[in-house]
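Summary of the model geometry
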Amino acid sequence: MLWQKGRASDNVVEDDGGGGGGPRFGGGRGLGLGGIILVVIVGLLFGKNPGEILQLLGSMSGDGGVDAPQQTTPAGNDEQTLFVKKVLGSTEDVWGQMFRASGQQYPAPKLVLFRGGVQSACGAASSAMGPFYCPGDRQVYLDLGFFQEMQQRFQAAGDFARAYVIAHEVGHHIQNLVGVMDQVENQARRGAPMQGADGLSVRQELQADCFAGVWANHAQQQLNWLETGDVEAALNAANQIGDDALQKRARGYAVPDSFTHGSSAERVRWFRQGLSSGDIKSCDTFSAAQL
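1. Some points on helix H5 (residues 159–178)
Taking 1.5 Å per residue as the helical rise, H5 with its 20 residues ought to reach 28 Å, and the 29 Å between its terminal C-alpha atoms agrees with that figure. Here H5 lies mainly inside the structure; 17 of its 20 residues are buried. Immediately downstream of H5, the backbone of Gly179 shows phi near 95°, a positive value.

2. Digging into the environment of Gly199
Position of Gly199 among the secondary structure elements: in the loop between helix H6 (180–189) and helix H7 (200–223). Exposure remark for Gly199: the relative accessible area of 1% places this residue in the buried category. In this structure the C-alpha to C-alpha distance between Gly199 and Phe259, which are 60 residues apart in sequence, comes to 7.9 Å. The contact partners of Gly199, leaving out residues within four places of it in the chain, are Pro193 and Met194.

3. Observations regarding the environment of Met181
Looking at where Met181 falls in the secondary structure, it is placed in helix H6. Assessed through its relative accessible area of 13%, Met181 is described here as buried. The sequence separation of Met181 and Gln204 amounts to 23 residues, and the corresponding C-alpha distance is 8.0 Å. If we ignore the near neighbours within four places in the chain, the residues touching Met181 are Tyr133, Pro135, His172, Gln175, Asn176 and Gln204.

Reading the values: the criteria
- Residues numbered from 1 in each chain as written.
- Predicted model: local features only at pLDDT ≥ 70, side-chain atom pairs only at ≥ 80, totals over all residues.
- Heavy atoms only, no water.
- Helix = DSSP H or I, 4+ residues; strand = E, 2+ residues; numbered from the N terminus.
- Expected span 1.5 Å × (residues − 1).
- Buried < 20%, exposed > 50% of the residue type's maximum accessible area, 1.4 Å probe, protein only.
- Contact = heavy atoms within 4.5 Å.

Shown next as structure tokens:
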């Protein structure tokens, strides 16, 4: 991937670990629905018990606590950080163009680089949780160490595979902007199941995969930066982090009733759907009879 051809975003910042004291969750309310969903997803993703993570976070929070202000500084220009800036810049260009075409302005997210742990509007998170998007502050969070873990633990190497991860999280930002996340939360409150092979969480994650494919389609048109094997690398990344693949790796078998992101085949299919169509309208996973 000729990622150097991209425009570097100014919206990549580094968390400097500021704020002091133990992590707290605003207003003493603890984790909201989005935060709980995030913990469950990440727990399953890395073969950890979500209940234990929730218990740990609960012990770290204080009733009536106030979120410590997040301290960030402009990101540096080492190779990995510059790569993130270039990919995020491309997402800004692609989605900015698409929003303008519909008469709207695209409010780009900030991407926060952190090491070890970070405090977000969704609560405290450790690097073990992997990259995530927080709708509360409209920011993407990424520990660059995850890229190494992708290669070593998930056998998902390549620049375009890493770009896919960033684009997927930005896909969640698009969902937040267009109201998908609010609709999912409303349906969950009415009793619609979040987990499971046909649950709302899976449909939401697969749509973010499709949005990542839409970005990849338009970014290639703008920059012509893909090389031989790049698409295959991204598809392999999607395949390696399917719920069934992760669960089989962690416990030796898959439990579809606990799926949160979709199977490997589904993740590949929906990323490919967005990549081939370049059309956000092709990403309606919520109406799809078969995922």
